[in-house]
Every structure is written in C-alpha cells, then in structure tokens.
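# Structural features, examined
Single-letter residue listing:
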Amino acid sequence: MRILHAITSAALVLFPLAVAAQQPAAPPPVAEGIAAVGPGKFAGIMDARVTLSVEAIDKAGRTIVLKDSKGEQSKFVVSDQVKNFDQIKVGDLVVISYSQELLMTLRKGGGQLRERIDSGQQGTAAPGQMPGAFESKEVAFIADVQQVDRKKGTVTLRGALRTVTLKIKDPQQLKLISKGDQVEGVFSEAIAVAVVPAAAKARK
C-alpha cells in the first residue's frame, strides 16, 4: 500500500519524524474519499499503522534492518539526532502510527482571499528511554473551487500554496458545489514512532 510504504520510509530516516519532508506533489491519501456530514459540510479521516521487527543493527554505521509482516527487509540510516539509538536491540518492534483528517465547509459564492495558516508540534523520548517521537501539524485554509467533475465525483481546490483534487463520495452533496465557490477547512496530520522492547513483546 503506497501510504504505508511512504510513512515507513519517512519515519525511519529515523526519529525526528518526517511529516514535513513527506509532502509529495500528489494529494494526501485522505483526498481519496471525502464524505458529507451535513449540507455543505465534508470530512475525511485516514488512519494507518505499521509494525516492523528489528532484524539487524550496525551501531557503528548507525543503520538498522527492519522486517515487515510479509517478511520483506529494508535497511535505514538512523539520524544522529536520535540520542537513544544504543537502546534498540534485535527483536524489538518499531511501531509507526499515522493519521490524516480533513474537515471542510462550503462557502457559496466565495469572495474571501485564499489563505493558509500552519501550526504544529513535535516531541521525542527523554534521555534513557526507548527511542520514540511524534510530530503533528494543522493547516487552516480557505481555497477556491477551481473545477467540479460530476462524472468522476471530484472537486479541484486551489489554495494559497497548492492545488488538490478531492473525491466526494456523495453525488447529491457534490451538486451543491460550483466553480467559483470557496471552502474553508482544516487539514491535520500526525505521525508517531515508538520502539517496543523485545522483553515487553514476550510478556504479552
């Protein structure tokens, strides 16, 4: 699955996280299915979780080999900013959690300036703890409806910095949207990485 591969690669280059670095030109995965939650109100939620096992560690080279549920192995370079790298052992689990949420309200007729306001937070494990980190971001925006494709069930929005195409699941709600309208909304994204000791796994 494309999103699982993307978040694994982004997160494992490796603590601090790479939400900011993982900004592809393509729309976010949540754009694939936006549902109507009321007249002119839309929401989309996407959650993913990946668990990988530590197969090998090169402490001198700061590299780690991880295996997924299908048995496929990949090698990653661990950032120097990871202060607790020496605590990772073969057999430990690396758990990556990722989520996206998009909430939008239709503004008929538009008339406002396109805008974008970014905010976010991040954190890492304290010294002496198992490696872990999280990062979240939130983008409040006003975007112009640039195009509505009723056959494909999509709407194209032009924001202050980028243009994205969203798929609207409800065709009746899509009929409410016209070129020249605007949407006001909030897009949020979060990713967290935690290393679970092999001993803890064995106790379960």
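Below, the structure is looked at part by part. (Residues numbered from 1 in each chain as written. Predicted model: local features only at pLDDT ≥ 70, side-chain atom pairs only at ≥ 80, totals over all residues. Heavy atoms only, no water.)

A tally of helices and strands in the protein yields 3 helices and 10 strands. Along the protein, from the amino end to the carboxyl end, the secondary structure elements read α-β-β-β-β-β-β-β-β-β-α-β-α. Split into buried and exposed, the 204 residues of the protein put 43% on the buried side. If you take every contact in the protein between residues at least 6 apart in sequence, the share linking residues at least 24 apart comes to 72%. Accessible surface, the protein: about 11200 Å² in total, of which carbon and sulfur atoms supply 53%. (Helix = DSSP H or I, 4+ residues; strand = E, 2+ residues; numbered from the N terminus. Buried < 20%, exposed > 50% of the residue type's maximum accessible area, 1.4 Å probe, protein only. Contact = heavy atoms within 4.5 Å. Areas by Shrake-Rupley, 256 points an atom, 1.4 Å probe, with all protein chains shown as cover.)

This part covers the environment of V65. By the secondary structure assignment, V65 is in strand β3 (residues 63-67). Exposure remark for V65: the relative accessible area of 15% places this residue in the buried category. In this structure the C-alpha to C-alpha distance between V65 and K75, which are 10 residues apart in sequence, comes to 4.3 Å. Excluding residues within four positions of it along the chain, V65 makes contact with S53, V54, E55, A56, Q73, S74 and K75.

Counting residues in hydrophobic clusters, the biggest one holds 37 residues, and the most contacted among them are L102, M104, V155, L157, L166 and V183. Elements represented by at least two residues in this core include exactly β2 (41-58), β3, β5 (93-107), β7 (132-149), β8 (154-158), β9 (163-167) and β10 (182-196). Ignoring any residue separated from it by four or fewer positions in sequence, one finds L166 in contact with A31, I34, L102, M104, G153, T154, V155 and L157. (Core = buried A, V, L, I, M, F, W, Y, C linked by side-chain atoms within 4.5 Å.)

We now examine the pattern of salt bridges. This model, assessed by the stated rule, comprises 6 salt bridges. Measuring nitrogen to oxygen at the nearest pair gives 3.2 Å for the salt bridge that ties E184 to R107. Here E184, found in strand β10, pairs with R107, found in strand β5; they are 77 residues apart in sequence, far enough to count as distant. Here E189 and K137 are joined by a salt bridge, their closest N and O atoms 3.3 Å apart. With E189 in strand β10 and K137 in strand β7, this pair connects stretches of sequence that are 52 residues apart. For the pair shown, E189 and K137 are each scored as buried. (Salt bridge = Lys/Arg side-chain N within 4 Å of Asp/Glu carboxyl O.)

It is worth spelling out the side chain of E189 at this point. With relative accessibility at 4%, the residue E189 sits in the buried group. A distance of 3.1 Å separates a polar atom in the side chain of E189 from a polar atom in the side chain of Q100. (Polar contact = N/O pair within 3.5 Å; in protein donor to acceptor, adjacent residues only side chain to side chain.)

Of note, R62 is a non-glycine position whose phi angle comes to about 50°, a positive value. Locating R62 in the fold gives a position in the loop between β2 and β3.

By the bridge criterion, 15 bridges tie β5 to β10 in an arrangement that is antiparallel. Counted as the bridge partner of S99 is A190 from β10. Sheet topology places β7 next to β10; 13 bridges connect them, and they run antiparallel. When the sheet's bridge partners are listed, F141 is paired in β10 with G185. (Pairing = 2+ DSSP bridges.)

Our focus in this paragraph is the environment of K89. Among the secondary structure elements, K89 is positioned in the loop between β4 (73-77) and β5. The exposure class of K89 is exposed, given its relative accessible area of 51%. Sequence separation between K89 and E55 is 34 residues, and the spatial gap between their C-alpha atoms is 8.7 Å. Residue contacts for K89: discarding those within four places in its chain leaves V54 and I57.

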